[in-house]
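A structural walkthrough
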Amino acid sequence: MDRQYWERIAPNYNEEIFDVLQNDKSGKIIHAIETAASKDKTVMDIGCAIGKWIPLLATAFKYVVATDISAINLDIAKERCKDYPNVDYQRMDMSAYSLTVTPCDVAVCINAILTDNLKKRINFFQSLDLCLNKGGSLILVVPSLESKLYANIIANRWNVDEENKEKIASEEKAYALAKNIKQGVTDIDNVPTKHYLKEELELLLKLEGFTVDCVEKINYTWKTEFHNPPKWLDEPYPWDWMCVAQKD
Ligand SMILES: C[S@@+](CC[C@H](N)C(=O)[O-])C[C@H]1O[C@@H](n2cnc3c(N)ncnc32)[C@H](O)[C@@H]1O
């Protein structure tokens, strides 16, 4: 999941990538953003992609810095959000070893720290700190490992989506899958993707100098996990983790 991957996805972004804004029917992420927002504050949208969150951010904040590793994504975002004059678009690799960035009062980072590469994740988490002023708020959404394992266990126990089950192509792939899952890396559409435990997320942020206010589930429907979810399958629904934290 490097820059090339995201540049390749960009033209078909809507078809390829899960839309958190559309699928968070609870409105918890919007609520967290609105709680942190003010017309006196600046906000950074880290990994903004094609700019789905920009209209909300540009309306609620004085100024938005929309950043992404993909230049194509940023061009699309700029075109989609041209009605919002208070947005600056900056190509930025949060996994780079050194980063020059003007910090903001609030940072929103929604399903952007997905790379299976540990070094890149370490750098990404360190960069979060650079993006915020002291006392600034971070709203971070990441895939949940607990949710992914729960869905896998249900799929296996009740043969859900058996007809769509992908065969493991080779011994190498089986070895990689086994090695990855120990690190919380598991495939989404055949792409190794980092998933996080709640305690892991809290620890990672604490070690980067954040105080965690809350970690909450952002629930989605079972249709987001299975083509044919069993009729009896209800709560708990699959979820991402949303964490709200303050930079010390
Ligand atoms: C799944 S998309 C999420 C987009 C958006 N936050 C949303 O919720 O609609 C992940 C985005 O993170 C960006 N990204 C991935 N790694 C990055 C990095 N190292 N630095 C900056 N952006 C990155 C990708 O280019 C992609 O646009």
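Residues numbered from 1 in each chain as written. Predicted model: local features only at pLDDT ≥ 70, side-chain atom pairs only at ≥ 80, totals over all residues. Heavy atoms only, no water.

The name an unreviewed UniProt entry assigns to the protein is Class I SAM-dependent methyltransferase, from the organism Lacibacter luteus.

1. Topic: the sheet that holds strand 4 (residues 104-110)
A sheet is described by the order of its strands in space; here seven strands give the open sequence 3-2-1-4-5-9-8, paired in mixed fashion. The two strands at the open ends of the sheet, each matched to only one other strand, are strand 3 (87-91) and strand 8 (210-219). Strand-to-strand twist across the sheet, computed as the mean angle between neighbouring axes with direction ignored, equals 15 degrees. Two elements, strand 8 and strand 9 (residues 239-247), share nine bridges in a ladder whose sense is antiparallel. Bridge pairing in strand 9 links Thr211 to Gln246. Packing of helix 4 (residues 28-36) onto the sheet brings it into contact with strand 4, strand 5 (132-143), strand 8 and strand 9, and relative to strand 5 it is tilted by some 175 degrees. Against the sheet, helix 7 (residues 118-130) engages strand 1 (42-46), strand 4, strand 5, strand 8 and strand 9, with an angle of about 145 degrees to strand 5. (Pairing = 2+ DSSP bridges. Helix = DSSP H or I, 4+ residues; strand = E, 2+ residues; numbered from the N terminus. Axes fitted to C-alpha atoms, helices over the stretch in contact; angles between N-to-C directions. Contact = heavy atoms within 4.5 Å.)

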